[in-house]
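Notes for the structure review
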Amino acid sequence: MVFAAPNEALAGAQRVLDADPPPSHASVAHQVIGIWHRDFGDIRVALGHLRRARDLAARADSADREADVLATLGVALVHAGRTRQGLTSFERGVARGSGHTRARVLFRRAYVWWVLGRHREALGDVRRAIPVLRQADDVIWTARALTLRATVHLALGAVDRADADFTAAERLWETTGQEHDKADAVESRGLAAFRSGDIPAALRLLDEAEERYAKLGTPTFMLCVRRCEVLMAAGLAPEALAEADAAIAAIDEIGGQSTRKAELLLAAARAARSAGDPHTAIARADAAVRLFAGQRRSWWETHARLVLIEARGAAGRRSGRMVADAARVAERLASFGSPAAPEASLLAGRIALALGWTADAERHLAVAARSRRAGPPPARVTGWAAQALRARAAGSGRGVLQACRRGLDVLDDHRMTLGASELRARATAQGAELAALAQQAALARGGPRRLLEWSERWRATILSAPPTRPPADPALLSGLTAFREIAARAEAARVDGRPVPALEREQRRLEREIRSRTLHMRGTAPGYGDTSSFDPGRLLDRLGDTRLVELAVLDGRVHVLLCGQGRVRRFEGGALAEAVAEAEHVQAGLRRLAHPGAEARLPVVEAAGHRLQELLLAGAVRHLGSGPVVVVPPGALHRVPWALLPSLRERVLSVSPSAGSWLRARDTEPPPGGRQVLVRGPGLATGGAEVPELAGRYGTATVLEGADAQVPRVLAELDGAALAHLAAHGTFRADSPLFSSLRMADGPLIVHDFERLDRSPYRIILSSCDTARLASVGADELLGLVTALLPLGTAGVVASSAPVSDAAVVPLMLALHKGLDAGLSLAEALRDARAALPGDAVHQATGWAFAAFGAA
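Attention in this report is confined to the structure presented alongside it. Everything numeric in this text was worked out from a predicted model, so none of it was measured. (Residues numbered from 1 in each chain as written. Predicted model: local features only at pLDDT ≥ 70, side-chain atom pairs only at ≥ 80, totals over all residues. Heavy atoms only, no water.)

**A few points about the overall build of the chain**
Quick reminder of the rule: Runs of H or I in DSSP of at least four residues are treated as helices and runs of E of at least two as strands, each being numbered from the N terminus. Radius of gyration: C-alpha atoms only; globule rule: 2.2 Å multiplied by the number of residues to the exponent 0.38. Whether a residue is buried, partly exposed or exposed follows from its accessible area with a 1.4 Å probe, protein chains only, as a fraction of its type maximum: under 20%, in between, or over 50%, in that order. Note on contacts: a residue pair qualifies if any of its non-hydrogen atoms lie within 4.5 Å across the two residues. Computed with the Shrake-Rupley method and a 1.4 Å probe, the accessible areas treat only the protein chains shown as cover for residues. Note on charges: Lys and Arg go in the positive column, Asp and Glu in the negative column, and His and the chain ends are not counted at all. Here the site of a charge means NZ on Lys, CZ on Arg, CG on Asp, or CD on Glu.
Scanning the chain from N- to C-terminus turns up 36 helices and 16 strands. In terms of C-alpha radius of gyration, the chain reaches 31 Å, essentially the compact-globule figure of 29 Å for 856 residues. With the principal axes as the frame, the chain shows a C-alpha extent of 100 × 65 × 50 Å. Out of the 856 residues in the chain, the part that is buried amounts to 60%. Contacts in the chain between residues far apart in sequence, at least 24 positions, make up 70% of those at least 6 positions apart. In the form shown here, the chain has an accessible surface area of approximately 32300 Å², with 50% of it arising from carbon and sulfur atoms. Positive and negative side-chain charges in the chain, numbering 109 and 95 respectively, have mean positions lying 6 Å apart.

Below you can see the structure in the form of structure tokens.
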């Protein structure tokens, strides 16, 4: 019962002891209590009960009873970090047991070998145990043994063998009432899905396992380790770090297993390294190394040493000793059969290159490069990165570009198996090094045109294909409805001055549930939404008298690629860090200028616009011509208010996340019918004063306001519209950009809602604060309202990158629609609308805050 109904088993064992049982019965009861504390509570308490169970078994004069307890005690001792004592207990257990009992002891020793990272010994013991367990028709222990053997196969990279064992075990579990073991089987299938490269399935299965464990009321420390691994692969390293650290605190609080704490420290170290926090990674990895060493777990210790060396390298340390340490780690990992061995060889080669040790670097990189031909996507990407570095060291620019192309192709295929736009965006981080190597080689080898091609290769890839949409998922739809209701109630409570902590907790819970369900979605077949086919020649042909300015970043500096007149020219800009800091200062100024009384800030903001122009456009300013300009900034510069730059203020100006997405927007045809939708949300200072006047201008437009402006109705009308205007309060969520929202009558309209549209409006005007704010993630991706709309059929968006004055927005919007009514594009109409505004600071700042995105 201890794994079918743990808490009931614990209570039952205590009742047995209260009844003054004979030694054999008391031994069983203490063993059950010991197992419960070993797996779900205080390991020190567990050891006390298990030693008592061992002594009682000896008094009962039952060799098999004693052998069984010795095996349970051996597992607990190993989990407590007392490895030598644990293995000694197993030796005695194997010697005392016979037949069926001995097979159970062997299974548990195989489990301990797996915990210790000694996989060959684990396979040896479990293979000896399975035939005996099957012959005894012991369904539960046979299923446990098959699950363990599958887990060991996974650790050795034998995914097919693991799948076969997991499938066989699951068939057996369905015939039992072992709920904890069933949850463990689901967890194991999640691990198998991850090892085979199916991240959405892994997340879904691990979430299902967590729900099952929650019903049993049992801790989930091993699940946490596995979930952290999947989250990191999905590009969600900060979440993995937070989850691992929370689990470490929980295991310390209950006095839990030392072995699990070490594994959680390793997970936290990996997450911190991936999240760009090398100092935290060093601290966690160092603690993990010491714990693993004390537990005599060489396999785990070696993996922790790899993370420790990587983190020290990320912190800027380079030395010959680090090369030697990384090489030793690579050799040990290879001897263990670990899939992480190529990663260690790549690390040794990278450090050797930085020290100028080309011969050593070539030796290590050649070993790492072997993994490019087979295995899961991360391993192949590691191999192609090693091959690219080899080519660069050999002076072969062509070889660098070829390796980078192949590596990014692997990630492209992997990215398209992910259905959620967030996962697709974050997955690109794995290709950041390859993209940077290719850009450097392209500039040296092929000049500006080739640099443009490679700048586009790994930029804004989430816009190349729409996310997977599950409109028929009832759980997701009900979750979105519940989320809107709670968010609306919380907002009303804040306005009334009532406490909102309980509502906020429920809102966060619903957000986690919605996000979880979207992350489970699978993507399309590999190859759909190809990002590798960008053609600079086609771009130049389509530009006409328009100039496209793409900003590439190499080694921390901005390179301006000016496209037009049949050619691509390059100009050197300033330091990216300076430009980002200046853009933040400008945004702070625009926030101040949104309110009356801040007129003195206007000259300061304008001066910052001059500095931004010097940093970001440099010498390209003199060659912009007199026609329209399209700016394609990197993700780090998405908050620049481009209309503030002096050379762009009076131009027809649009912004695009990539040149490729601008071309796709140009090619997007408007829907038939020319349907217009006007939406007025609640709580605006002006009451959305432009909407009634626009309704009179358009005549046949659908107007949604008051109770009609509820999310389901709004979405139904927006789907397939030619023009949509939404006047509503906008909120940007930096912590969770896909929950950025527009306030409707029944609550927030969020990015996840927009992603359910079959086709978003051809043109959409977001008359709101902060709707153009985006979160920069992955290699060079952006998440937010604007980027959610562009892959769904929207060719043009007008949105604001800052808080704006409601009163000043009204004349800007009316002037903008006047231009559209005259047949102008969004960018043309916005240029004329800015020019028509009064000259005071509030109106000027409002005009600068809005930008046109796309090409409609």
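**Let's talk about the sheet that holds strand E9 (residues 730-731)**
Using the following cut-off: Two strands are counted as paired when DSSP detects at least two bridges linking them. Here an angle of 0 to 180 degrees is reported between the N-to-C directions of two axes, which are lines fitted to C-alpha atoms, with helices fitted over the stretch in contact.
In spatial order, the strands read E9-E10-E11; together these three strands make up an open sheet with antiparallel pairing. Because the sheet does not close on itself, it has two edges, and the strands there are E9 and strand E11 (747-750). Relative to strand E10 (residues 741-744), E9 runs antiparallel, the two sharing two bridges. Bridged to Gly 730 within E10 is Leu 742. Of the strands in this sheet, E10 and E11 are in contact with helix H24 (residues 474-496), which crosses E11 at around 130 degrees. Of the strands in this sheet, E10 and E11 touch helix H31 (residues 711-718), which is tilted by about 30 degrees from E11.

**Remarks on the packing of helix H27 (residues 576-593) against helix H28 (residues 602-616)**
Convention followed: Under this scheme an angle from 65 to 115 degrees is roughly perpendicular, one under 35 degrees roughly parallel, and one over 145 degrees roughly antiparallel; angles in between are oblique. For any pair of crossing helices, the crossing counts as left-handed if the nearer helix is rotated counterclockwise from the farther one by less than a right angle, and right-handed if it is rotated clockwise. Residues are sorted three ways: Asp, Glu, Lys and Arg are charged, Ala, Val, Leu, Ile, Met, Phe, Trp, Tyr, Cys and Pro are nonpolar, and all the rest, Gly among them, are polar.
Contact geometry for H27 and H28: axes closest at 9 Å, N-to-C directions at 155 degrees. When the axes of H27 and H28 are compared, the pair comes out roughly antiparallel. Here H27 runs over H28; the crossing is left-handed. Counting all contacts with H27, which are made through Glu 578, Ala 579, Glu 582, Ala 583, Val 586, Gly 589, Leu 590 and Leu 593, the residues of H28 involved are Leu 602, Val 605, Ala 608, Arg 611, Leu 612, Leu 615 and Leu 616. Residue composition of the contact of H27 with H28, by class: eleven nonpolar, one polar and three charged.

**Regarding the packing of aromatic side chains**
Using the following cut-off: Under the pairing criterion, centres of Phe, Tyr and Trp rings, with the six-membered ring standing for Trp, must be within 6.5 Å; the plane angle then separates stacked pairs below 30 degrees from edge-to-face pairs above 60, leaving the rest tilted. Whether a charge lies above a ring is judged from NZ of Lys or CZ of Arg, which has to be within 6 Å of the ring centre and within 35 degrees of the ring normal.
One pass over the structure, following the stated rule, counts six aromatic pairs. With a centroid separation of 5.7 Å and 85 degrees between ring planes, the pair formed by Phe 107 and Trp 141 is classed as edge-to-face. With Phe 107 in helix H6 (residues 99-116) and Trp 141 in helix H8 (residues 139-155), this pair connects stretches of sequence that are 34 residues apart. Residue Phe 107 is classed as buried on the basis of its relative accessible area, which comes to 9%. Given a relative accessible area of 11%, Trp 141 falls into the buried group. Both rings, one in Tyr 111 and one in Trp 114, keep their centres 5.9 Å apart while their planes meet at 40 degrees; by these two values the pair is tilted. Of this pair, Tyr 111 and Trp 114 are both found in helix H6, three residues apart, which corresponds to roughly one turn of the helix. Here the aromatic cluster, defined as three or more aromatic residues joined through ring pairs, consists of Phe 292, Trp 299 and Trp 300. Sitting above the plane of the Trp 384 ring, Arg 372 keeps its charged end 5.3 Å from the centroid.

**Here we look at the environment of Ser 647**
Looking at the element boundaries, Ser 647 is found in the loop between strand E4 (629-632) and strand E5 (653-655). Spatially, the C-alpha atoms of Ser 647 and Leu 203 are 48 Å apart, while their sequence positions differ by 444 residues. In this structure, Ser 647 is in contact with Gln 613, Leu 617, Val 621 and Leu 624, ignoring residues within four places of it in sequence.

**Some remarks on unusual backbone geometry**
One non-glycine residue, Asp 20, lies in positive phi territory at about 55 degrees. Inspection of the secondary structure assignment puts Asp 20 in the loop between helix H1 (6-18) and helix H2 (23-40). Residue Asp 20 is classed as exposed on the basis of its relative accessible area of 69%. Backbone geometry at Asp 137 places phi at a positive 55 degrees, although glycine is not the residue there. When you line up the elements, Asp 137 lands in the loop between helix H7 (119-135) and H8. Judged by relative accessible area, Asp 137 falls into the exposed class, the value being 63%.

**A closer look at the pattern of salt bridges**
Put simply, the rule reads: By salt bridge we mean one thing: a side-chain nitrogen of Lys or Arg within 4 Å of a carboxyl oxygen of Asp or Glu.
Applying the stated rule across the entire model yields 64 salt bridges. Linking Glu 239 and Arg 515 is a salt bridge whose minimum nitrogen-to-oxygen distance equals 2.3 Å. Taken together, the residues span a long stretch of sequence, with Glu 239 in helix H13 (residues 237-254) and Arg 515 in helix H25 (residues 501-519) at a distance of 276 residues. Using a relative accessible area of 14% as the deciding quantity, one classes Arg 515 as buried. Across the salt bridge formed by Arg 494 and Glu 491, the nearest N and O atoms sit 3.4 Å from each other. With a gap of three residues between them, Arg 494 and Glu 491 both fall in helix H24, about one helical turn apart. The exposure class of Arg 494 is partly exposed, given its relative accessible area of 38%. Several salt bridges converge on common partners, so that one network encompasses Glu 239, Glu 422, Arg 426 and Arg 515.

**Some words on the nonpolar core**
This is how the line gets drawn: Buried residues of nine kinds, namely Ala, Val, Leu, Ile, Met, Phe, Trp, Tyr and Cys, make up a nonpolar core once their side-chain atoms join them within 4.5 Å.
Leu 616 and Trp 642 are the most contacted members of the largest nonpolar core, which totals 107 residues. No other element matches helix H34 (residues 806-821), which puts seven residues into this core. If sequence neighbours within four positions are ignored, Trp 642 has contacts with Leu 551, Leu 616, Val 631, Pro 633, Leu 637, Leu 648, Leu 653 and Val 655.

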